[in-house]
Structure formats: C-alpha cells, structure tokens
Amino acid sequence: MFLQRLIKPGPAQTVGETLYASTVAQARSPALYEHLGAPDTPNGRFEVYTLHVLLVLERLRAIGTQAAPTSQAYFDAYLSGLDNGLRELAVGDLSVGKTMRKLGEAFYGRGKALDAAIAALPDREPLDALLARTVFDGAEEANAAPLGDYLLAARRALADAPLLTSEIPWPTLA
C-alpha cells in the first residue's frame, strides 16, 4: 500500500480508473431508479452497476489488445470497489472473501447471459428476461423494457467511443 502511493500510475491505470469513476457515477444516477424503475436496493444497485461495467468491458475488448492494460486496470478498480462496498456494508473480514467469490460468479454469469441476450438482438425478449430475472429479482410486475432501452442506447454510444482517449458518452437520463 505504502509503495503504491510513491509510484506514479501508468496511463492505462489512470484511464481505467477514470472510466471506472464515470461508470460508478452513471450507475448511481437517480434517474435509473426513479424513471427507469430499477430497484433502489443493494441487489438492484449491484445489478445495474454490473451491467454498466460489462458494457464498458465489452467495448474495451472490441478495441483490441491495445486496450488490454486499461481493461485490466478498469476491472481491478471494479473489484476494489466491490471489496470496499462490502466493507462499508459491515461484511466481516472473514466473510469478504466468500462474498467476493459469490459476486464474481454472479458477474461472470451476468456477462455470459448479457452476451447471449445481445447476440439474440433484434429479439428483445432475452434481454428483457435477463433484466427481469436479475435487476428486478424476478418480480412478475417488473417492466424491464425502459431499462433495456437505456442499456441498448448506452451500448450504441459506447460502440463508437474511443475510450482510451476520452470520457464515456453515457446516454442522458431524464
């Protein structure tokens, strides 16, 4: 820890951390919860946060090998954020590792499911079903379509973004 403060971060780490900070700010946007109906619960916030992270990682993968160090720095910041969040929620030190493992499994599961839902486009049913099952915790009355519209708009905005040299162009929320 002490030595990390003395070593100047490289450009990939700086960009990765900047992208991560933008992702967190967007995932915490009140409009996602107030206007798009995402549940403002720890689980709902984790799911929305994870979807944003997955979209950015998808874009970084599409950029290619030059984005690999930035992608790793971004993912490391994500893991550190999860760890810090658990500690803020008063998860005991002995339980953090087990909880992080469960969250990691959830993350990779969401990634595979999101990839499959995107591959099924323009059929929206798999995406809306994924959102209903994860973000809305399987609630029968959940209307996942507005959040799905937003995620697709975010994905389109990210598709042309040179993330290694600029900010994330998140869609504007009402």
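See the structure above.
The following paragraphs examine the structure supplied in this document.

Each value, and the rule that gives it
Residues numbered from 1 in each chain as written. Predicted model: local features only at pLDDT ≥ 70, side-chain atom pairs only at ≥ 80, totals over all residues. Heavy atoms only, no water. Axes fitted to C-alpha atoms, helices over the stretch in contact; angles between N-to-C directions. Helix = DSSP H or I, 4+ residues; strand = E, 2+ residues; numbered from the N terminus. Parallel < 35°, antiparallel > 145°, perpendicular 65-115°, else oblique. Left-handed = near helix turned anticlockwise from the far one by under 90°. Contact = heavy atoms within 4.5 Å. Nonpolar A, V, L, I, M, F, W, Y, C, P; charged D, E, K, R; others polar. Salt bridge = Lys/Arg side-chain N within 4 Å of Asp/Glu carboxyl O. Buried < 20%, exposed > 50% of the residue type's maximum accessible area, 1.4 Å probe, protein only. Phe/Tyr/Trp six-rings, centres within 6.5 Å; stacked < 30°, edge-to-face > 60°. Expected span 1.5 Å × (residues − 1).

Comments concerning the packing of helix H4 (residues 42-63) against helix H8 (residues 145-159)
- Interaxial distance between H4 and H8 falls to 10 Å at its minimum, and their mutual angle equals 25°. Considering the angle they form, H4 stands roughly parallel to H8. Judged by the twist between their axes, the crossing of H4 over H8 is right-handed. Packed against H4, whose contacting residues are Leu51, His52, Leu55, Val56, Glu58 and Arg59, the element H8 presents Tyr150, Leu151, Ala154, Arg155, Leu158 and Ala159 at the interface.
- Classifying every residue of the contact of H4 with H8 by side-chain character gives eight nonpolar, one polar and three charged.

Observations concerning the pattern of salt bridges
- Under the defined criterion, the tally for this structure stands at five salt bridges.
- When the shortest N-O distance is used, the salt bridge between Arg155 and Glu58 registers 3.0 Å. Highlighted residues: Arg155 in helix H8 and Glu58 in helix H4, separated in sequence by 97 residues.
- One salt bridge in this structure joins Arg124 and Asp128, with 3.0 Å as the shortest N-O distance.
- Within the structure, one salt-bridge network assembled from shared partners comprises Arg124, Asp128 and Asp149.

Description of the side chain of Thr134
- Along the chain, Thr134 turns up in helix H7 (residues 125-134).
- Accessibility expressed as a relative area gives 8% for Thr134, which makes it buried.
- Among all residues touching Thr134, those that are not within four sequence positions of it are Asn43, Glu47 and Arg110.

A short note on the packing of aromatic side chains
- Throughout the structure, instances matching the rule amount to eight aromatic pairs.
- Centroid distance Tyr20 to Tyr49: 6.3 Å. Interplanar angle 70°. Geometry classified as edge-to-face. Here the residue Tyr20 occupies a position in helix H2 (residues 11-27), and Tyr49 occupies one in helix H4, the gap between them amounting to 29 residues. Summarising the burial analysis for this pair, Tyr20 and Tyr49 share the class buried.

What about H2?
- Relative to the 24 Å expected for 17 residues at 1.5 Å per residue, H2 spans 24 Å between its end C-alpha atoms, a close match to the ideal helical length.
- For H2, the full list of buried residues reads Gly16, Leu19, Tyr20, Ser22, Thr23, Val24, Gln26 and Ala27.

Here's the deal with unusual backbone geometry
- Note the cis peptide between Leu121 and Pro122, where omega equals 15°.
- Mapped onto the fold, Pro122 is located in the loop between helix H6 (93-119) and H7.
- In this structure, Asp137 takes a positive phi of about 55° despite not being glycine.
- Residue placement: Asp137 occurs in the loop between H7 and H8.

Regarding the packing of H7 against H8
- Running from N to C, H7 and H8 point in directions that differ by 115°, and their axes come no closer than 9 Å. One way to sum up the angle between H7 and H8 is to call them roughly perpendicular. Here H7 runs over H8; the crossing is right-handed. On H8, the residues touching Leu127, Asp128 and Leu131 of H7 are Ala145, Leu147, Gly148, Leu151 and Leu152.
- Here the contact of H7 with H8 is composed, by residue class, of six nonpolar, one polar and one charged.

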